[in-house]
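Spelled out from the first residue to the last, the chains are:
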Number of protein chains: 2
Amino acid sequence: MTTTPARRVTKQRVAIADQLERSEAFLSAQDLHAALSRSGERIGLATVYRTLSAMATDGELDVRRTDDGEALYRRCDTEGHHHHMVCRTCGRTVEIGGPKLEEWLAEVSGRFGYVDIDHTVEITGTCPECAAKA
Amino acid sequence: MTTTPARRVTKQRVAIADQLERSEAFLSAQDLHAALSRSGERIGLATVYRTLSAMATDGELDVRRTDDGEALYRRCDTEGHHHHMVCRTCGRTVEIGGPKLEEWLAEVSGRFGYVDIDHTVEITGTCPECAAKA
DNA sequence: GGTTGACCTGAGAATGGTTGTCAATTCAGC
DNA sequence: GCTGAATTGACAACCATTCTCAGGTCAACC
């Protein structure tokens, strides 16, 4: 079916995957590159961008956009369709599935005759720990 | 209360507002600038950017981001909080309010102890007319 | 209707994230 | 080990967006 385009296991990709694995929050390509450089890995920025977008395409990563358009990536724990609630202070992210949300979507799209519906939901808030510190 | 920063009525701003008024869909700054140029208006790109972000700040416009991070603006008919269902083919947009959605949000955020919640919902689909043509 | 000063504009330069280029390198199967 | 295709990295190129600043324009006041 889907032709697998022969992905290789290079140390750069391993390093990137590791770094993502280690992070609770969404990271930008720049963040990741900086973090890797800091920890001694010498990886080209272009490689980071390429790898991230490849992983996102393969569904291994979730993508989000900051308000100023920067792309952020995160390793998703949940397999299927889900959404994110992100702490605006520490970035900690909770994955959320919502049957109730999907119901609402079906109802609304149906009401206006829209078909083949896609959707994204972004929830931002302050997590309990950051709220406690404030 | 809010200090009104003395906004002037210039012909550039009028032209931009008109153009937005005329559009059912979300427009990028570039789109708008191109459209204005086409119709003979000679407006600097920087002015378009400035005006759009000012209007957005004032809540006169809604902002959206394309998948590649470009900012899109649209005149909102609805005053208060609402969401959008955008046709992926023609861009026609329906504004949607969702008490059910807000309920769900409150429930979910409460479950994880997140407070001070903000959210964005983007729905993309094919509108009845475009679906009929397909 | 002129004057005045703050606001606004436009052209181009600067910024910053992201992608393209291409020679050198590295993986993986033989 | 050998070989070819996938991958990498340094750097240029892109492109949306913002900054700069000299010159233009609005609006209030005379």
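Right above here is the structure, for reference.
The text that follows walks through the structure, step by step, so that each part is easy to find.

What counts, and where the lines are drawn
Residues numbered from 1 in each chain as written. Chains lettered and ligands numbered in written order. Predicted model: local features only at pLDDT ≥ 70, side-chain atom pairs only at ≥ 80, totals over all residues. Heavy atoms only, no water. Near = heavy atom within 4 Å. Polar contact = N/O pair within 3.5 Å; in protein donor to acceptor, adjacent residues only side chain to side chain. Nonpolar A, V, L, I, M, F, W, Y, C, P; charged D, E, K, R; others polar. 1 Å grid on protein atoms, 1.4 Å probe; cavity = no way out; pocket = protein on both sides within 12 Å on 5 of 7 lines; lining within 4 Å. Points joined across faces, edges and corners; volume = space filled by probe spheres on them. Helix = DSSP H or I, 4+ residues; strand = E, 2+ residues; numbered from the N terminus. Patch = residues over 30% accessible without salt bridge, like charges linked within 9 Å, V, L, I, M, F, W, Y side chains within 5 Å. Areas by Shrake-Rupley, 256 points an atom, 1.4 Å probe, with all protein chains shown as cover. Salt bridge = Lys/Arg side-chain N within 4 Å of Asp/Glu carboxyl O. Lys, Arg positive; Asp, Glu negative; His and termini not counted. Charge placed at Lys NZ, Arg CZ, Asp CG, Glu CD. Buried < 20%, exposed > 50% of the residue type's maximum accessible area, 1.4 Å probe, protein only. Axes fitted to C-alpha atoms, helices over the stretch in contact; angles between N-to-C directions. Parallel < 35°, antiparallel > 145°, perpendicular 65-115°, else oblique. Contact = heavy atoms within 4.5 Å. Left-handed = near helix turned anticlockwise from the far one by under 90°. Expected span 1.5 Å × (residues − 1). Arc of directions from axis to C-beta. Phe/Tyr/Trp six-rings, centres within 6.5 Å; stacked < 30°, edge-to-face > 60°. Lys NZ or Arg CZ within 6 Å of the ring centre and 35° of its normal.

Looking now at the protein's contact with DNA strand C. Taken together, 20 residues are adjacent to DNA strand C, and A:Ala71, B:Arg8, B:Thr10, B:Thr47 and B:Arg50 come closest. A breakdown of the atoms of DNA strand C within 4 Å of the protein gives sugar and phosphate a share of 64%. Take B:Thr10: an N or O atom from its side chain is 2.7 Å from a phosphate oxygen of DNA strand C. B:Arg50 places a polar side-chain atom, nitrogen or oxygen, 2.8 Å from a base nitrogen of DNA strand C. Split by residue class, the surface near DNA strand C holds 7 nonpolar, 5 polar and 8 charged.

Moving on, we get to the layout of surface pockets. Residue and element names in this part refer to chain A. Taken as a whole, the second largest pocket spans an internal volume of roughly 300 Å³. Among the elements that take part in the lining of the second largest pocket, helix α3 (residues 45-57) stands out by supplying 5 residues, more than any other. Its residues placed into classes, the lining of the second largest pocket shows 5 nonpolar, 3 polar and 6 charged.

This part covers the side chain of B:Thr126. Secondary-structure assignment places B:Thr126 in strand β6 (residues 115-126). There is a polar contact of 3.2 Å between the side chain of B:Thr126 and the side chain of B:Arg88.

Residues and elements named next belong to chain A. On the surface, Asp31, Asp67, Asp68 and Glu70 cluster together into a negatively charged patch. As for its placement among the helices and strands, Asp67 is situated in the loop between β2 (61-65) and β3 (71-75). What makes Asp67 exposed here is its relative accessible area of 73%.

Residue and element names in this part refer to chain B. Their axes nearest at 10 Å, the elements helix α1 (residues 11-22) and helix α2 (residues 29-38) cross at an angle of 105°. Here α1 is positioned roughly perpendicular relative to α2, judged by the angle of their axes. Contacts from Ala15, Ile16, Gln19 and Leu20 in α1 reach Leu32, Ala35 and Leu36 in α2.

Looking now at the packing of α1(B) against helix α3 (residues 45-57) of chain B. Residues and elements named next belong to chain B. Look at α1 against α3: their axes get within 10 Å of each other, and the N-to-C directions meet at 65°. The angle between α1 and α3 places the two elements in the roughly perpendicular class. As for how α1 packs across α3, the hand of that crossing is right-handed. Between α1 and α3, the residues in contact are Gln12, Arg13, Ile16, Ala17 and Leu20 and Thr47, Val48, Thr51, Leu52 and Met55, respectively. Within the contact of α1 with α3, the residues separate by chemical class into 6 nonpolar, 3 polar and 1 charged.

Our focus in this paragraph is α3(B). All names here are of chain B. For α3, spanning 13 residues, the distance from its first C-alpha to its last is 18 Å, which sits close to the expected 18 Å at 1.5 Å a residue. Those residues of α3 lying buried are Val48, Thr51, Leu52 and Met55. The buried residues of α3 occupy an angular sector of 100° when projected down its axis, which confines them to one face. When the buried face of α3 is taken as reference, the exposed residues oriented beyond 90 degrees from it are Arg50 and Thr57. Check the buried side of α3 and you find it contacts α1, α2, β2 (61-65) and β3 (71-75). Backbone geometry just downstream of α3 places Gly59 in the positive-phi region, at approximately 80°.

In this section: the packing of aromatic side chains. Scanning the entire structure with this criterion turns up 0 aromatic pairs over all chains. One residue, A:Arg64, lies across the ring of A:Phe26, its end atom 4.8 Å from the ring centre.

The subject of this paragraph is the pattern of salt bridges. Under the criterion given, the structure shown has 16 salt bridges over all chains. Close ionic contact of B:Asp118 with A:Arg88 constitutes a salt bridge, the shortest N to O distance being 3.8 Å. Here B:Asp118 is found in strand β6, whereas its partner A:Arg88 is found in the loop between β4 (83-87) and β5 (93-96) on a different chain. Residue A:Arg88 is classed as partly exposed on the basis of its relative accessible area of 38%. The closest approach of N and O atoms between A:Glu129 and A:Arg92, which form a salt bridge, is 3.6 Å. Note that A:Glu129 is positioned in helix α5 (residues 128-133) and A:Arg92 in the loop between β4 and β5, a separation of 37 residues in sequence. Judged by relative accessible area, which is 47%, A:Glu129 ranks as partly exposed. Among the ionic contacts, a cluster of salt bridges with common partners joins A:Arg88, B:Asp116 and B:Asp118.

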